[in-house]
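Below, each chain spelled out in residue letters.
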Amino acid sequence: MGLLTEGINEVIATTDHNAAPMGIINRNGSLHMVLFRGSHTARNVGRDRRVVANFVFDPVIYVKTAFDDLPLDAFVSEEIDGTTVCRLRDAEAWAAFAADVERSGDESIIVRLSPLKEEVLGLRLHPVNRGFASIVEATVHATRYVRNRDPWLGRLIEHHSGLARKCGGAREREALELLEGYVADLTRE
């Protein structure tokens, strides 16, 4: 796929009006995702065998979709070969994939992705921003931290929060405040 680079590409994955930050692994042209059992994304991919990668550069969306649902009007339906898929309305680009479970474990499933269609809608230049990258990293760590309260993950969240404050702009600071609220709420339970 032209939109994905070698390595792990962080995107917002959408399935049936569900959105979640997800890494698409591109190694030697082979595309995969690791999905955690029990997630809406894993359930929907297992059922529908489709997923859409949305290219979004808003740190608030990464945090929101990691811990909450987006409103229905955040999504748009697209038809591909007689099958309807769901993408984000505000994506700058998107790529749809057929998704087949390749391996299944106790905690996760590995899904092989086969490209169906991609479209650039309004791609802009995004200079590397360490604050944005740190929000993505802190969010990844936070999704695991709220499950197991591992102190090491807590320190990683603090580290990336500091970088987001130092290197980010207003939108990264808004995302960080939102992330800290989700973590506080979910670890109180």
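Computed from a prediction, not measured in an experiment: that's the story for all the values here. (Residues numbered from 1 in each chain as written. Predicted model: local features only at pLDDT ≥ 70, side-chain atom pairs only at ≥ 80, totals over all residues. Heavy atoms only, no water.)

Caption draft 1: Layout of the packing of helix α2 (residues 59–67) against helix α5 (residues 170–188). Two numbers describe how α2 lies on α5: the axes approach to 8 Å, and their chain directions differ by 15°. By the angle between their directions, the pair α2 and α5 is classed as roughly parallel. Once α2 is placed against α5, the crossing between them reads as left-handed. Contacts between α2 and α5 involve P59, V60, V63, K64 and F67 from the former and R171, E172, E174, A175, L178, L179, Y182 and L186 from the latter. Residues belonging to the contact of α2 with α5 are distributed by class as follows: nine nonpolar, no polar and four charged. (Axes fitted to C-alpha atoms, helices over the stretch in contact; angles between N-to-C directions. Helix = DSSP H or I, 4+ residues; strand = E, 2+ residues; numbered from the N terminus. Parallel < 35°, antiparallel > 145°, perpendicular 65-115°, else oblique. Left-handed = near helix turned anticlockwise from the far one by under 90°. Contact = heavy atoms within 4.5 Å. Nonpolar A, V, L, I, M, F, W, Y, C, P; charged D, E, K, R; others polar.)

Caption draft 2: Fine view of the pairing of strand β2 (residues 18–27). By the criterion of burial, β2 is predominantly enclosed, with seven of the 10 residues buried. Relative to β2, strand β1 (residues 7–15) runs antiparallel, the two sharing nine bridges. Residue pairing across strands places A13 opposite A20, the latter belonging to β2. Connecting the antiparallel pair β1 and β2 is a turn made up of two residues, with D16 showing a positive phi of about 40°. The pairing of β2 with strand β3 (residues 30–36) spans three bridges and is antiparallel. Pairing of N26 across the sheet is with L31, part of β3. Counted between consecutive antiparallel strands, the loop separating β2 from β3 contains two residues, among which N28 sits at a positive phi close to 55°. (Buried < 20%, exposed > 50% of the residue type's maximum accessible area, 1.4 Å probe, protein only. Pairing = 2+ DSSP bridges.)

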